Every structure is written in C-alpha cells, then in structure tokens.
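# Per-entry structural report
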Amino acid sequence: MPDTVEPIPIAKGAQVVTMLPGMANRHGLIAGATGTGKTTTLRVLAENFSAIGVPVFLADIKGDLSGIAKAGGDNPRVLERAQQLGISAIQPQGYPVTFWDAYGQSGQPVRTTVSEMGPLLLARILDLNDIQTDVLTILFKIADDQGLLLLDLKDLKAMAQYCGDHAKELKTQYGNISPASIGSIQRSLLTLEQQGGDRLFGEPALNVLDFVRTDAAGRGMINILAADRMMQSPKVYATFLLWLLSELFEQFPEAGDVPKPKLVFFFDEAHLLFADTPKALEEKIVQVVRLIRSKGIGVYFVTQNPLDIPDPVLGQLGNRVHHALRAFTPKDAKDVKGAAGTLRPNPAFDTATVMTELQIGEVLISMLDEKGSPSVVERAFMYPPHSRFTLLSPEERSQIITSSPLRAAYTQTVDRESAYEILKKRAGAVIAATPKVPAPKPSGETRKPASRASRKDVGDVLGSAASSAARSVGTQLGRALVRGVLGSLTGKR
C-alpha cells in the first residue's frame, strides 16, 4: 500500500474531525474516567492506523481486544452510532493481528534477556532502593566487562552469588558490594521468580522489528500483548512496556519527517509508568519520548486523567482525545479544571464544564494541524469501530496463533551457555585443581586443624582463580557492549 497523507476521519461533532497521518508520530493522549469509552477510542485509532499500512502495538489489559481480528456487526450500538453521525455505511471488517504473551499461553512468547533489559529497568521490577540499584549496576558492569551473558534469572542469581563471594577482590575496581544489598537482590529475584516473572527472561529474545509487518493487502499488523495476567504486578507491566519502548528507540533508524508513522505504540494505564518513578528515570523517559518521534514512532498514552502524566511528557502529546471526567469531590473538580487547561479553548463552550457532561463515546478532541499546532478543541462523538466487540473463542485465537509466521522463531526456548554455566564450570575446575589434604595417618596421630590464616589463603586462591577464569571469557563481545538511554543494549543485533 503506498504512503498516504489523506486525513483520517475519527470523530464527528459540528464537523468531521480528522487526524493527519504526517502528524501522528507527534504522540498523543487518550484520557477519561473508567467506563467512558477509552478502550473503544484506542480500538478506532488502531483500526485506522492499520488501514493505512501503519503497524500498531497495544496491551490488552482487560482481555477484551481480541475481536479486532474479526469483522464486526455484532453490536447494535455500532449501527446506532453510525446513524447518529450520518455515516451511510459501516463496513464490518477484521484486521491482521499477532497475539503476544509473556507467559506463552495466549500468544507468541515475548521475552527479553536480563542483559538486554539492563540494570535500571530491572531494578524497578525488583523494587530496589538506590543503594541496591547501584550494586545491581555493578553486577551488570562486571558481567559486561567479563563477557558473561546474563540471559535469564539463574544467570543473574549466579552473578549475584559470584560478586558476593568475591566482593573484596572486586571492591578496588568496582566499589563496595555490600552483603546486605546482595541479599536484598537475591530475595527480590526469588520473589519475582515465584510470581512467574522468570518467564519474561530467556531466549529467543523478542526482536521488536518483528512488530513492523503488513499483511498481503498492505494493512499494518496490530500487535496485541495479553497483559491481563501481567497487570497483577503493575510495576512489572509498566516496566516491561517501558523496556519495549526503549528497544524501539534503540533499534529503529532515524526517519526524519514521515508521511505516516513507522509504528504506533499505545501505552495503556500510563499512570503506572510514572507512579513512584525516581527523578533520574523520569528524565530518561522524557528523553526517549522526545527523541523517538524522529524514528517515525508515535506513542499514545492512555490514562484516566492527563494530570497523571508529568508535564515534560504531557507537553509532547500533541493529539488529544479526552473522554468524560467526574467531579464528585473538590479535588476531582480541581483535577477537571487542570485537565481542561491542557486543551486549546473553544470560545463556543466552557471546556471544564463540558468535560463533566460528556456521554459514553463522546469526547473533547484536539488534533495537530499541518503546521504542528493543536487545533481548537471540539466536542464530538468518536466514529464506531469496524471490528468485532465479542472476544475470540479459544479456537479462533489458537488458529491465529498457530498460523503466525513468527511461531517457529519464538516457540522453542533456547538455553545456551551463559553466566550460570560458565561460572559453575570455572568454579568446578578450580575445585578439581585444588590439592586435596592427605587423610590422617592410621597410627592415630592427629593433625592440627588448619589455622584461620591457612583457610583464608585457600579461599583467596579459589576466589582469585575463579575471578581469573571469569575474566578469560571476556571476549570482544564483552568489550563491545554499549548501553543506551534506559540501560538496554544498543547495536546488539
């Protein structure tokens, strides 16, 4: 399908409201209270992007988006809305979909490796404090320097044990590695593993460029991540999506001004991304959001209130769709006024008042014009979707999963030699090479126990040999590792 700059009609009020594909990578916001229609708006935008050949990524946090793969016509409200808006015909249709699932049950397995995620994001998943995060960063630095691949959690646990056992030897070069911090990291890893988080890590790791595909008709692939189970650990969910965003930033080439996005990324429940976020991490998120549009990627945050988004990020979200907000308390009223203040006012109505009066599916909407300026906010109804509201049956979903051309690439797990195996092998070799203490003579003579100093000497020899063995695997790979803005590896593919 050729590139197009034709405006996309997405809503209708006093006039039809359109989105310019050339401005769609300037990011966007979908906001509104629970039950006001945010998910349907997300669906409508995803369908329209797919229709013009733009791939989409979105997380299905409630498990109600699978019907995008099948033609609609199953919901009488769609026909009612079409008649209300004077749309002559809504042609039911499904869209190309790839299902993904970190647990490998409801879609293609989506994994990363510990090395690829990096210490900054992993520390957030593990809920580490600043000191513990610093120690985790040291563990990654040692692994990177020594060419030790951290692929799954057992690799990181082995690395933590190794660094804890050899903290004194490593202190001069890397700084203090406290036993307390090592213990905290190990306990957090155990908790994550018990929650099923170990399935997030391993190989084959996801290649985010696999999101960017089209079907035979040139329609963009809609990549749906099954996130209902992941949402049981909100910090894991938010951090994993942030990692995906950082991967897109690191892997996509510069694109400059594009007639339509290379990919659109919807970040649902975006408030979780910024809840209790350290200032340093928030600054890096702002940097990624600001720069990623030059890669041709549009990021659309979905949340209840725009005030959930920090100002430096909110100021970069040019395309706005606001559903109703409720004002049941003085704080709610203040939030509504603040949200209304983020939109370019329309002299025909009071934005804050209208924001509390909107019906389900009715929105206050402002899109960027051809000059990149936000339009005056309009009151309008979103166009209805073309796809099915009803969920796919297990059989329908299974058919899509098994027929995916990516199935062979991700289904079979790989457990190659990495930090765990290397450290175990080297430690075993050192122990095997250590001279054994002769058994006591049968004459009944007793041998004095080894002095504290001699036992320490043996421990030092073992530690030094193990450290030397680990350094021996420091290949060109280890020396070439470079980490990006959010700590993920760059140029690794």
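Scoring rules and cut-offs
Residues numbered from 1 in each chain as written. Predicted model: local features only at pLDDT ≥ 70, side-chain atom pairs only at ≥ 80, totals over all residues. Heavy atoms only, no water. Helix = DSSP H or I, 4+ residues; strand = E, 2+ residues; numbered from the N terminus. Contact = heavy atoms within 4.5 Å. Phe/Tyr/Trp six-rings, centres within 6.5 Å; stacked < 30°, edge-to-face > 60°. Buried < 20%, exposed > 50% of the residue type's maximum accessible area, 1.4 Å probe, protein only. Lys NZ or Arg CZ within 6 Å of the ring centre and 35° of its normal. Axes fitted to C-alpha atoms, helices over the stretch in contact; angles between N-to-C directions. Parallel < 35°, antiparallel > 145°, perpendicular 65-115°, else oblique. Left-handed = near helix turned anticlockwise from the far one by under 90°. Nonpolar A, V, L, I, M, F, W, Y, C, P; charged D, E, K, R; others polar. Pairing = 2+ DSSP bridges. pLDDT = per-residue confidence, 0-100. Polar contact = N/O pair within 3.5 Å; in protein donor to acceptor, adjacent residues only side chain to side chain. Salt bridge = Lys/Arg side-chain N within 4 Å of Asp/Glu carboxyl O.

Counting through the fold element by element, Ala-339 comes out in helix 13 (residues 330-340). Ala-339 sits 308 residues away from Ala-31 along the chain, and the two C-alpha atoms are 9.3 Å apart. Not counting chain neighbours up to four residues away, the residues in contact with Ala-339 comprise Asn-305, Pro-306, Leu-307, His-322, Leu-325 and Met-355.

The subject of this paragraph is the packing of aromatic side chains. Going through the model one piece at a time under the given rule, you end up with ten aromatic pairs. On the basis of an interplanar angle of 80° and a centroid distance of 5.6 Å, the ring pair of Trp-100 and Phe-211 is categorised as edge-to-face. Taken together, the residues span a long stretch of sequence, with Trp-100 in strand 5 (residues 97-101) and Phe-211 in the loop between helix 8 (179-194) and strand 7 (222-226) at a distance of 111 residues. For the pair Trp-100 and Phe-211, one class covers both residues: buried. Through a chain of ring-to-ring contacts, three or more aromatic side chains come together here, namely Phe-57, Trp-100, Phe-211, Phe-265, Phe-267, Phe-274, Phe-301 and Tyr-410. Here Arg-43 stacks its cationic end above the ring of Phe-389, 5.0 Å away from the centre of that ring.

This next bit is on the packing of helix 9 (residues 234-251) against helix 11 (residues 279-292). Across the interface, helix 9 lies against helix 11 with an axial gap of 10 Å and an inter-helix angle of 45°. Classified by the angle their axes make, helix 9 and helix 11 are oblique. Crossing of helix 9 against helix 11: the hand is left-handed. Every residue of helix 11 that contacts helix 9 at Leu-242, Leu-245, Leu-248 and Phe-249 is listed here: Leu-281, Ile-285, Val-288, Leu-291 and Ile-292. Classifying every residue of the contact of helix 9 with helix 11 gives nine nonpolar, no polar and no charged.

With that settled, consider the pairing of strand 5. Burial within strand 5 is extensive, with five of its five residues counted as buried. A two-sided burial pattern is seen for strand 5, the buried positions comprising Val-97, Phe-99 and Asp-101 on one face and Thr-98 and Trp-100 on the other. With four bridges connecting them, strand 5 and strand 7 associate as parallel partners. Note that in strand 7 the partner of Phe-99 across the bridge is Ile-224. Sheet analysis places strand 5 next to strand 6 (residues 108-109), joined by two bridges and oriented parallel. Bridge pairing in strand 6 places Trp-100 opposite Gln-108.

Attention now moves to the confidence of the model for the protein chain. Here the protein chain averages 87 in pLDDT, and 88% of its residues register 70 or above. Between residues 445-479, whose pLDDT stays under 50, and residues either more than four places distant or in other chains, the model counts 34 contacts.

Moving on: the environment of Ile-360. Within the secondary structure, Ile-360 sits in the loop between helix 14 (351-355) and strand 11 (362-366). Its relative accessible area of 55% is what places Ile-360 among the exposed residues. Counting along the chain gives 323 residues from Ile-360 to Gly-37, while the straight-line C-alpha distance between them is 5.8 Å. Excluding residues within four positions of it along the chain, Ile-360 makes contact with Gly-35, Thr-36, Arg-81 and Phe-381.

With omega at 5°, the peptide bond leading from Glu-203 into Pro-204 counts as cis. By the secondary structure assignment, Pro-204 is in the loop between helix 8 and strand 7. If you check the backbone angles, His-27 has positive phi at about 75° while not being a glycine. Phi at Asp-276 is positive, roughly 55°, even though this residue is not glycine. You can see Asp-276 is positioned in the loop between helix 10 (271-274) and helix 11. Taking relative accessible area as the criterion, Asp-276 reaches 72% and is therefore assigned exposed.

Let's shift gears to the side chain of Asn-346. Inspection of the secondary structure assignment puts Asn-346 in the loop between helix 13 and helix 14. With relative accessibility at 12%, the residue Asn-346 sits in the buried group. Within the structure, Asn-346 has its side chain in polar contact with the backbone nitrogen of Ala-348 (distance 2.9 Å).

All right, on to the sheet that holds strand 1 (residues 8-13) then. Strand order in the open sheet formed by twelve strands is 2-1-12-11-10-3-9-8-4-7-5-6, and the pairing between neighbours is mixed. Only two strands of the sheet have a single neighbouring strand rather than two, namely strand 2 (16-19) and strand 6. Looking at chain direction, strand 8 (residues 263-268) and strand 9 (residues 297-303) are connected through six bridges and run parallel. The residue of strand 9 that forms the bridge with Val-264 is Gly-298. The strands touched by helix 9 within the sheet are strand 4 (56-60), strand 7, strand 8 and strand 9, with strand 8 carrying the most contacts at an inclination of about 165°. Lying on the sheet, helix 15 (residues 394-402) is in contact with strand 5, strand 6 and strand 7; it crosses strand 5 at an angle near 95°.

Once the charged atoms of two side chains with opposite charge are near each other, the side chains can pair. Summed over the entire model, instances satisfying the criterion amount to 13 salt bridges. Here Asp-215 makes a salt bridge to Arg-219, at a shortest N to O gap of 3.0 Å. Taking the shortest distance from any N to any O, the salt bridge between Glu-417 and Lys-425 comes out at 2.6 Å. On the accessibility criterion, Glu-417 (42% relative accessible area) is partly exposed. By sharing partners, the salt bridges in this structure join Asp-152, Lys-154, Asp-415 and Glu-421 into a single network.

Right, let's talk about the pairing of strand 4 for a bit. Most of strand 4 is tucked away, with five of its five residues classed as buried. In strand 4, alternate side chains face the same way, and those of Val-56, Leu-58 and Asp-60 on one face and Phe-57 and Ala-59 on the other are all buried. Direction of pairing for strand 4 relative to strand 7: parallel, over a ladder of five bridges. Within strand 7, the position partnered with Ala-59 by the bridge is Leu-225.

The residue Asp-369 is located in the loop between strand 11 and strand 12 (378-382) in this model. Taking the relative accessible area as the measure of exposure, Asp-369 reaches 25% and is therefore partly exposed. It is 9.6 Å that separates the C-alpha atoms of Asp-369 and Gly-22, two residues lying 347 residues apart in sequence. Every residue in contact with Asp-369, bar those within four places of it in the chain, is listed here: Leu-20 and Met-23. Of the polar contacts made by the side chain of Asp-369, one reaches the backbone nitrogen of Lys-371; its length is 2.9 Å.

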